[in-house]
Amino acid sequence: MSLAQDRAIDRSKLTVSDEVAIQITNMNKWYGEFHVLRDINLTVNRGERIVIAGPSGSGKSTMIRCINRLEEHQKGKIIVDGTELTSDLKNIDKIRSEVGMCFQHFNLFPHLTILENCTLAPMWVRKTPKREAEELAMHFLEKVKIPEQADKYPGMLSGGQQQRVAIARSLCMQPRIMLFDEPTSALDPEMIKEVLDTMIELAEEGMTMLCVTHEMGFARQVANRVIFMDQGQIVEQNEPEEFFNNPKSERTKLFLSQILGH
Amino acid sequence: MSTTKSLSYVRKEILEQQPAPRSQVGFTRWVRENLFSGWFNSILTLVSIFVIYKVAAAALPWLLGGVWDASSLEECRAVLNERFGNTHYACWAVITERWNQLLYGFYPDTEYWRANLAFFLMLASLAPVLFDKIPRKMLYLTMAFPFLLVWLVWGGTLWGVISVAAGFVLGGVAFKLVDRYGSMALSAIAAVVVAAIWWLFISPSVVDGLNAFLPFGHLQEVQSRDLGGFMICVIIGISGIALSLPIGIVLALGRQSDLFVVKTICVGFIEFIRGVPLITLLFTASLLLNYFLPPGTAFDLTLRVIIMVTLFSSAYMAEVIRGGLAALPKGQYEAADALGLDYWKAQRLVIMPQALKISIPGIVNTFIGLFKDTTLVMFIGIYDMLGLSNAIRANSAWNGIYWELFIFIGLVFWICCFAMSRYSQWLERKLRTDHR
């Protein structure tokens, strides 16, 4: 739980602006008959670091996947960077190129080298010339501290390295918002730290982040807001200090006692 | 304690390396492990050696002692009787004597150079597709080759094929122009309409005019019914292979489409074609198709057969590729989406390279099947090698010769198919990047 804590973080660097990055109003989603997301209301300001916690099946992943339309919502409104998500493909592509995403299983492209993984989207979506895209990719690979792996294939890297490449790949599109869907859940304890360190660095640079994770140490340290979800609803949200020390709802107390209690 | 004392041990000198026992290395070891590892295996080995010896003793003299120079079966037997006192030997002379016919069918013998040139051009234009070390500029030859093939094999002036090529270029231009303003589907439709207008209404008169005033690059015309032998197998086989892969990809994607109409058409097509024997389709191509076409349109028989063979194998291809698509984790689609790649870019850059790689064994399997199925055209009156073997026997000179022709034809197909198989294995090894 405390793996992220050995890296000192300067909280004064973490600032939140008044500008709205994401606005979700009355969002509902069903899988067939099953009501997965119920009346979600959430406003995210630029520079916020939000950690979303909750038991499995509570809809946390589904919620952040709605933000870049990997899942479609059936009711309500999602506005990302001033663009509303509708079935208009142009809007969807625009939002997707502004919003970066990291997955639990990294989802690197195994047939491409690390460098090619990073240059693919800039070259084909942003039409960046190859040289420039490669420079950009190397810049971000250095940032996640694995420039020396650029010519290898994803299968040759450790899980932690792969996840850092996945972060670099997203950053190459120079997104204004990053979504993390359980980025450390598939990693060994030693590798969790290297990924969390990278995420902390991003936070310090003012990236707007939404992060589904079970790393409560990370939440305490980096998040400015923790959201607790259960049964498709937002049950409680608060500043991390209050959230962990003084949870209001019974459901939150139970959850926290289960994940922190051992 | 004494136990502690006995555990303590220090080595004083390092042992030299020593050679392994004779029975543990090289050939001796291999024989011991694989052929004589126990009494049962030893018996099996001896029995197998005996069987191999018997088969070889029977077949090898027949194969190797054959006659290569004779003009009829009778003459051949006479030579054998004189040489061995019996005729239990092969009569390969039929192959040397009918060599040209087996290769070119009834193609006019003054024009063989055209077929040979087309064959070498084919190898040259396949090279950059098969091997990425070959300079990419060679791909221009690959693009021009289908038109060169038609011109070289069927003859006529160059204007005909140039006009067909111009249709593709015009379609491409229309696609680019519309693509700037409209959607993908709209530009595809525009391309097809423009090309069709050119081919059906404008091009015939243009070609006639040019032929009349400027007969450029005229070669003696050859009719489709004169094509045959190995040549027709290669023409149908290679065309079918080259066309069925892209059509198969489109069908496989269509089958997964969210659009109900597209999906229904693709599923219907695949299930219909897979449910019908190829020979039925070939009969349709040779007999029925002309009834449905507007009177006066001469639609070449070879072209009709190529279309049918292509449609047939593209249905199989679609299912093979669907298997590859199904094997890809959903995360790959999601990662491509999340990066902002649109559907076609995601397919081209992320999904297809992986799905096709997974499907290589199945794809090559379909290719090999298609290539061997080209022998079925003998049933609709095209003289491929198998059809020619019947025709050769129908001649009194070679009446009664079976084995030699069938062995030769089998060997030719085996070489082609084995080459495809080895290539696919090499390609699989080369593209293996995910493990290690």
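The name given to chain B in an unreviewed UniProt entry is General L-amino acid transport system permease protein, with the source organism recorded as Celeribacter halophilus.

An unreviewed UniProt entry lists chain A under the name Amino acid ABC transporter ATP-binding protein, with Celeribacter halophilus as the source organism. In its Sequence similarities (unreviewed entry) section, UniProt records this for chain A: "Belongs to the ABC transporter superfamily."

Caption draft 1: View of the overall build of chain A. Summing up its helical and strand segments, chain A has 9 helices and 10 strands in all. With respect to the three principal axes, the spread of C-alpha positions in chain A is 55 × 45 × 35 Å. Within the span of chain A, comprising 262 residues, buried residues form 58% of the whole. Across chain A, every contact between residues at least 6 apart in sequence was considered, and the portion connecting residues at least 24 apart equals 69%. For chain A, the accessible surface area stands at approximately 11100 Å², while carbon and sulfur atoms represent 48% of it. Each charge sign in chain A was given a centre, from 31 positive and 37 negative side chains, and these centres are 3 Å apart.

Caption draft 2: Region of the structure containing the domain arrangement of chain B. Structurally, chain B comprises domain 1 (157–218) and domain 2 (224–431). For domain 1 of chain B and domain 2 of chain B, the distance between their C-alpha centroids amounts to 26 Å.

Caption draft 3: Inspection of the interface of chain B and chain A at higher detail. At the junction of the two partners, chain B supplies 21 residues and chain A supplies 24 residues. Looking at the side of chain B facing chain A, the largest losses of area belong to Ala338(B), Leu339(B) and Thr433(B), adding up to 28% of the total buried there. The interface formed by chain B and chain A holds 2 salt bridges in total. Here Arg96(A) makes a salt bridge to Asp337(B), at a shortest N to O gap of 4.0 Å. Taken together, the links from chain B to chain A amount to 6 residue pairs in polar contact (both at pLDDT 80 or more). For the side of chain B that touches chain A, the leading source of residues is helix H15 (residues 330–338) of chain B, giving 8 residues.

Caption draft 4: A look at the sheet that holds strand E10 (residues 233–238) of chain A. Residues and elements named next belong to chain A. Spatial ordering of the open sheet is given by E6-E7-E8-E3-E9-E10, a layout of 6 strands whose pairing is mixed. Every other strand in the sheet has two partners, leaving strand E6 (99–102) and E10 as the edge strands with one partner each. This sheet shows a mean twist of 20° between the axes of neighbouring strands, independent of strand direction. Lying over the sheet, helix H9 (residues 250–260) contacts strand E3 (49–53), strand E9 (225–230) and E10, oriented at roughly 100° with respect to E9.

Caption draft 5: Quick peek at helix H18 (residues 403–431) of chain B. Residue and element names in this part refer to chain B. Taking 1.5 Å of rise per residue, 29 residues should cover 42 Å, and H18 covers 41 Å from first to last C-alpha, within 8% of that figure. Listed in full, the buried residues belonging to H18 are Glu404, Leu405, Phe408, Ile409, Val412, Phe413, Cys416, Cys417, Met420, Ser424 and Leu427. In this structure, the buried residues of H18 make contact with helix H3 (39–64), helix H5 (93–97), helix H6 (99–104), helix H11 (229–255), helix H16 (343–373) and helix H17 (385–394).

Caption draft 6: Focus on the pairing of strand E8 (residues 208–212) of chain A. Residues and elements named next belong to chain A. By the criterion of burial, E8 is predominantly enclosed, with 5 of the 5 residues buried. The two faces of E8 match: Thr208, Leu210 and Val212 on one face and Met209 and Cys211 on the other face are all buried. Note that E3 and E8 share 4 bridges and pair parallel. Following the sheet pairing, Ile50 is matched in E8 by Leu210. Summarising the sheet, strand E7 (residues 177–181) and E8 pair through 5 bridges and their orientation is parallel. From the neighbouring strand, Met178 faces E8, where its bridge partner is Met209. Assessed by its sense of winding, the connection that carries the chain from E7 through helix H6 (residues 189–204) to E8 is right-handed.

Caption draft 7: The environment of Val267(B), seen in detail. Tracing the sequence through the fold places Val267(B) in helix H12 (residues 260–275). With 15 residues separating them along the chain, Val267(B) and Ala252(B) place their C-alpha atoms 9.0 Å apart.

Caption draft 8: Up close: the sheet that holds strand E4 (residues 75–80) of chain A. Residue and element names in this part refer to chain A. Ordered by their spatial adjacency, 4 strands build an open sheet running E2-E1-E4-E5, and the pairing between neighbours is antiparallel. The sheet is open, and its two edges are formed by strand E2 (34–45) and strand E5 (83–84), each paired on a single side. One ladder, built from 8 bridges, connects strand E1 (residues 20–31) with E2; its direction is antiparallel. Within the sheet, the bridge partner assigned to Trp30 lies in E2 and is His35.

Caption draft 9: Seen up close, the packing of H17(B) against H18(B). Residues and elements named next belong to chain B. Relative orientation of the contacting elements H17 and H18 amounts to 165°, with a least axis distance of 10 Å. By the angle between their directions, the pair H17 and H18 is classed as roughly antiparallel. Read as a crossing pair, H17 and H18 show a hand that is right-handed. The residues of H18 that touch H17, namely those facing Met385, Leu386, Ser389, Ile392 and Arg393, are Leu405, Phe406, Ile409, Val412 and Phe413.

Caption draft 10: Representation of the side chain of Ser203(B) within the structure. All names here are of chain B. Within the element layout of this structure, Ser203 appears in helix H10 (residues 184–213). Exposure remark for Ser203: the relative accessible area of 6% places this residue in the buried category. A polar contact is formed between the side chain of Ser203 and the side chain of Ser163, at a distance of 2.7 Å. Excluding residues that lie within four positions of it along the chain, Ser203 makes contacts with Ser163 and Trp198.

Caption draft 11: A look at the UniProt feature "domain: ABC transporter" (unreviewed entry) in chain A. If you check UniProt for "domain: ABC transporter" (unreviewed entry), the listed places come out as residues 22–256 of chain A in our numbering. Overall, residues 22–256 of chain A shows 39% helix and 26% strand. The separation of its end C-alpha atoms is 27 Å.

Caption draft 12: The arrangement of the environment of Asn28(A) in detail. All names here are of chain A. In this fold, Asn28 is placed in strand E1. When its relative accessible area of 6% is taken as the criterion, Asn28 is described as buried. Each C-alpha atom, one on Asn28 and one on Glu48, is 23 Å from the other, the two residues being 20 residues apart in sequence. Sequence-distant contacts of Asn28, that is, excluding residues within four places in its chain, are made with His35, Leu37, Arg38, Asp39, His73, Gln74 and Lys75. A polar side-chain atom of Asn28 sits 2.8 Å from a polar atom in the side chain of His35. Polar side-chain contacts of Asn28 include one of 3.1 Å to the backbone nitrogen of Asp39.

Caption draft 13: Up close: the state of the cysteines. The full count for this structure, using the stated rule, is 1 disulfide over all chains. Note that Cys76(B) is cross-linked by a disulfide to Cys91(B), the S-S spacing being 1.8 Å. Within this pair, whereas Cys76(B) is found in helix H4 (residues 73–84), its partner Cys91(B) is found in the loop between H4 and H5, the two being separated by 15 residues in sequence. Cys91(B) matches Cys76(B) in its accessibility class, with the two residues each being buried. For the unlinked cysteine Cys118(A), the closest cysteine sulfur is that of Cys172(A), found at 4.6 Å. Cysteine Cys233(B) remains unbridged, with the sulfur of Cys416(B) as its closest cysteine sulfur at 8.7 Å. Using a relative accessible area of 0% as the deciding quantity, one classes Cys233(B) as buried.

Criteria and cut-off values
- Residues numbered from 1 in each chain as written.
- Chains lettered and ligands numbered in written order.
- Predicted model: local features only at pLDDT ≥ 70, side-chain atom pairs only at ≥ 80, totals over all residues.
- Heavy atoms only, no water.
- UniProt positions renumbered as here; feature names shortened; annotations may be inferred.
- Helix = DSSP H or I, 4+ residues; strand = E, 2+ residues; numbered from the N terminus.
- Buried < 20%, exposed > 50% of the residue type's maximum accessible area, 1.4 Å probe, protein only.
- Contact = heavy atoms within 4.5 Å.
- Areas by Shrake-Rupley, 256 points an atom, 1.4 Å probe, with all protein chains shown as cover.
- Lys, Arg positive; Asp, Glu negative; His and termini not counted.
- Charge placed at Lys NZ, Arg CZ, Asp CG, Glu CD.
- Domains from an automatic or database assignment.
- Buried area = accessible area lost by both parts, 1.4 Å probe.
- Salt bridge = Lys/Arg side-chain N within 4 Å of Asp/Glu carboxyl O.
- Polar contact = N/O pair within 3.5 Å; in protein donor to acceptor, adjacent residues only side chain to side chain.
- Pairing = 2+ DSSP bridges.
- Axes fitted to C-alpha atoms, helices over the stretch in contact; angles between N-to-C directions.
- Expected span 1.5 Å × (residues − 1).
- Right-handed = clockwise from strand over helix to strand, strands pointing away.
- Parallel < 35°, antiparallel > 145°, perpendicular 65-115°, else oblique.
- Left-handed = near helix turned anticlockwise from the far one by under 90°.
- Disulfide = S-S within 2.5 Å.

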